[in-house]
Amino acid sequence: MSDFVNETIESVHKALVQKEFSVTELTQRALDFTEKRDQDLNAFITLDKDGAIKQAEEIDNKGIDDDNILAGIPMGMKDNIVTKGLLTTSASKILSNFTPIYDATVVEKLKAQGVVILGKTNLDEFAMGGSTETSYYGVTKNAWDNTKVPGGSSGGSAASVASGEVLYSLGSDTGGSIRQPAAYNGIVGLKPTYGRVSRWGLIAFGSSLDQIGPLTRTVKDNALVLNAIAGVDNKDTTSANLEVPDYTKNIENGVANLRIAVPKEFLAEGIDPEVKNTINLAIEQFKSLGAIVEEVSIPHTKYGIAAYYILGSSEASSNLQRFDGVRYGFSDRTGKTLEEMYQNTRTEGFGEEVKRRIMLGTFALSAGFYDAYFKKAAQVRTILINDFNKIFENFDIIIGPTAPTPAFALGSENADPKTMYMNDVLTIPVNLAGLPGLSINAGFSSEHLPIGLQIIGKAFDEATVYKAAFAFERATQLFKQIPGGQK
Amino acid sequence: MSEVLSKDEAKHVASLAKLNFTEEQLDKMVSQLSNILDLVDTLNEVDTNGVEATYSVSNNVNVLREDMADNWQQKDQLINNAPESKDGLIKVPAILDGGDINE
């Protein structure tokens, strides 16, 4: 085993417990493979070679506990999640020299399980984008086709898993940033319910929308990682004080009599015909597994993007005020006054897309425009939430495509920001409503690019989402298809 | 092109956001933002009369905890992260254009 494409967390855990290889050997192999594969893929901004080996040796010294499923397994951490003593850039120049002095709660929890953090994965700058092309540290390639984008913003996390560099990565999802790259790379990505996972230590983008979640090869692996990172945290006052179930417990129970809603807007105009066909086949698959599938309507789907770009950008413009060159990160000291230092630092430190969102958000929040934009968007958010609530009175899950198309060509959508934004039309409503959403591979396009199926659940009902995804995965076995990588 | 955002307004917003743009960059920004605001204007098709705004989907209202000092001995590490420091304090350029008071 030089990579992880034919492995699962359970299979590697078993091998570690049976001492087929040590954690240090496993980590060294993962580092060697990743270093080689990343020359083309560029999934990682920072590969923590020394730190990973040191963590691995410590775990070897302690020994692997059979009950501790994640112990000793190398993983990738999205570079907007802070790691103590390890460079954390959020893919921005403004944090190009930032080494945090604390761990995010999810990092703390994983370290307590004895995981090995192989490094920090690439993303769109401050998670703003859908292709990982706005990173200050170069583009990441799609694991299936190096002429295509990996999606974004968690493009590095998705590509690192799909290519077999690591078994799992963490990502963050504000408008689709876990699910869309998972779809483009043919893997499983979950955005948990808002409040399920602590956001402490996640560099904030849109605080009412952001969630951290796992990207994995299989559904069960995903549930195992969520088990480890979910739960209330007194450092995040929006984290939910609810018990965390074992998400693997009922995962194999099947979908017989499960009530599934398919919003007609999710298969309407603007959705690629190959995507439509693949999702229709998935619907037939669920029916043959005993589920009850019916068409419904989420009439305000199309307003999601507009509401999101106002709310998300407004929250971002507020959150990104902290990057002022005073306390940490890049600082431009060529000007004379403090005011000039602020302006020069931010002008030099932020990329184009980040500046565009700051400008949009600052405008939407500014005197005279607040009611027309910010408040209006927040009201439309309520209406969209009501659309979802109405459906969940009669259904257990909602399914549809994750994205309107398969992965697009590198560089093809940079000219007009609006084109890029439209890729998130099917994922954004889920963030606005705070619901859990998962993407799983449902098949391939004629270019052999993966097509993602999105499964949306009721708030805090990730268990049912996983159950449905597992049944689909068991029936299709698509996870066994692995990328060739080069074209 | 929509007149939603004028160049003067964009200049004002840039100053609020503490960002500098060249004239050329500002023209491009105005055009792109106007394009995005055209999309945003579709929200006016939705009747929101009497609809409450949602600013957070969290059910938490007030989350209280003991006011205890925790993990606080990090001053040196924090200062080390600052671009410039002096005598254990973070150093910044002069607030007014009167030169550096330390020199």
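Thresholds, definitions, all that
- The residue count restarts for each chain, going from 1 along the sequence in the order it is written.
- As they are written, the chains are lettered A onward and the ligands numbered 1 onward, keeping that order.
- Reporting of local features is limited, given that this is a predicted model, to residues whose pLDDT is at least 70; pairs of side-chain atoms are given and counted only at 80 or more, and all residues count toward the totals for whole chains, interfaces and linings.
- Excluding hydrogens and water, the side-chain values take into account all heavy atoms of the structure.
- Runs of H or I in DSSP of at least four residues are treated as helices and runs of E of at least two as strands, each being numbered from the N terminus.
- When we talk radius of gyration, it's over C-alpha atoms, and the globule rule is simply 2.2 Å times the number of residues to the 0.38.
- The rule is simple: take the accessible area with a 1.4 Å probe, protein chains only, and divide by the maximum for that residue type; under 20% is buried, over 50% is exposed, in between is partly exposed.
- Contacts are assigned to residue pairs that have any heavy atoms within 4.5 Å of one another.
- Note on areas: these come from Shrake-Rupley sampling with a 1.4 Å probe, and a residue is covered only by the protein chains present in the view.
- In this tally, Asp and Glu contribute negative charge and Lys and Arg positive charge; neither His nor the terminal groups of the chain are included.
- Lys charges are placed at NZ, Arg charges at CZ, Asp charges at CG and Glu charges at CD.
- Note on definitions: buried area is the accessible-area loss of two parts on being combined, 1.4 Å probe, summed for both.
- Note on definitions: salt bridges are taken to be side-chain nitrogens of Lys or Arg within 4 Å of carboxyl oxygens of Asp or Glu.
- Polar contact is defined as a pair of N or O atoms within 3.5 Å, subject to the rule that within protein one atom must be able to donate a hydrogen and the other to accept it, and that residues adjacent in sequence are counted only when both atoms are side-chain atoms.
- Polarity classes work like this: nonpolar for Ala, Val, Leu, Ile, Met, Phe, Trp, Tyr, Cys and Pro, charged for Asp, Glu, Lys and Arg, and polar for all others, with Gly in that last group.
- By nonpolar core we mean a set of buried residues, namely Ala, Val, Leu, Ile, Met, Phe, Trp, Tyr and Cys, connected to one another through side-chain atoms within 4.5 Å.

K.L.:
What's the story with the overall build of chain B in this structure? I'm lost.
P.N.:
The helix and strand inventory of chain B stands at three helices and two strands. Listing every helix and strand of chain B by position from the N terminus yields α-α-α-β-β. Computed over the C-alpha atoms, the radius of gyration of chain B is 23 Å, more than 25% above the 13 Å expected from 2.2 N^0.38 for a compact globule of 103 residues. Projecting the C-alpha coordinates of chain B onto the three principal axes gives extents of approximately 55 × 45 × 20 Å.

K.L.:
It is not clear to me how the overall build of chain A should be interpreted in this structure. Could you clarify?
P.N.:
Of the regular secondary structure elements, chain A holds 15 helices and eleven strands. By the compact-globule yardstick of 23 Å for 487 residues, chain A fits well, its C-alpha radius of gyration being 21 Å. Considering only C-alpha atoms, chain A reaches an extent of 65 × 55 × 45 Å along its principal axes. Counting the 487 residues in chain A, one finds 68% classified as buried. Relative to all contacts within chain A whose residues are 6 or more apart in sequence, the contacts with residues 24 or more apart total 76%. Carbon and sulfur atoms form 47% of the exposed surface of chain A, whose accessible area is close to 15900 Å². In chain A, which carries 47 positive and 59 negative side-chain charges, the distance between the mean positions of the two groups comes to 3 Å.

K.L.:
Which parts of the structure should I look at to understand the interface of chain A and chain B?
P.N.:
As a measure of interface size, the accessible area lost when the parts come together is often cited. Facing the 66 residues of chain A at the interface are 55 residues of chain B. Taking both partners together, chain A and chain B bury about 5300 Å²; carbon and sulfur atoms supply 66% of that area. The partner of Lys28(B) in a salt bridge is Glu352(A), and the shortest N-O contact between them spans 3.1 Å. The tally of links from chain A across to chain B stands at 21 residue pairs in polar contact (both at pLDDT 80 or more). At the level of elements, helix H9 (304-319), helix H10 (338-349), helix H11 (352-365), helix H12 (370-392), helix H13 (417-422) and helix H14 (428-433) of chain A are the ones that each hand at least two residues to the side of chain A that touches chain B. Ranked by residue count, the leading element in the side of chain A that touches chain B is H12(A), at 13 residues. Among the residues making up the side of chain A that touches chain B, the classes are represented as 32 nonpolar, 19 polar and 15 charged.

K.L.:
Just to check I follow, could you spell out the pattern of salt bridges for this structure?
P.N.:
Note on pairing: side chains with opposite charge can pair once their charged atoms come close. Under the counting rule described, the total for this entry stands at 26 salt bridges over all chains. Among the ionic pairs, Arg37(A) bridges to Asp40(A), the shortest N-O distance being 4.0 Å. Of this pair, Arg37(A) and Asp40(A) both sit in helix H2 (residues 23-41), three residues apart, roughly one helical turn. Here Glu84(B) ties to Arg333(A) by a salt bridge, and the two come within 2.9 Å at their closest N and O atoms.

K.L.:
Could you clarify how one ought to interpret the nonpolar core in this entry?
P.N.:
For soluble globular proteins, the rule of thumb is that nonpolar side chains tend to be buried together. Residues and elements named next belong to chain A. With 168 residues, the main nonpolar core has Leu110, Phe126, Tyr168, Leu170, Phe286, Leu453 and Ile455 as its most contacted residues. With eleven residues, H12 is the largest single contributor of residues to this core. Of all hydrophobic cores here, the second largest spans six residues; its members include Val149, Tyr184, Ala403 and Phe408.

Note that every value here comes from positions in space, so none of it alone points to a role or purpose.
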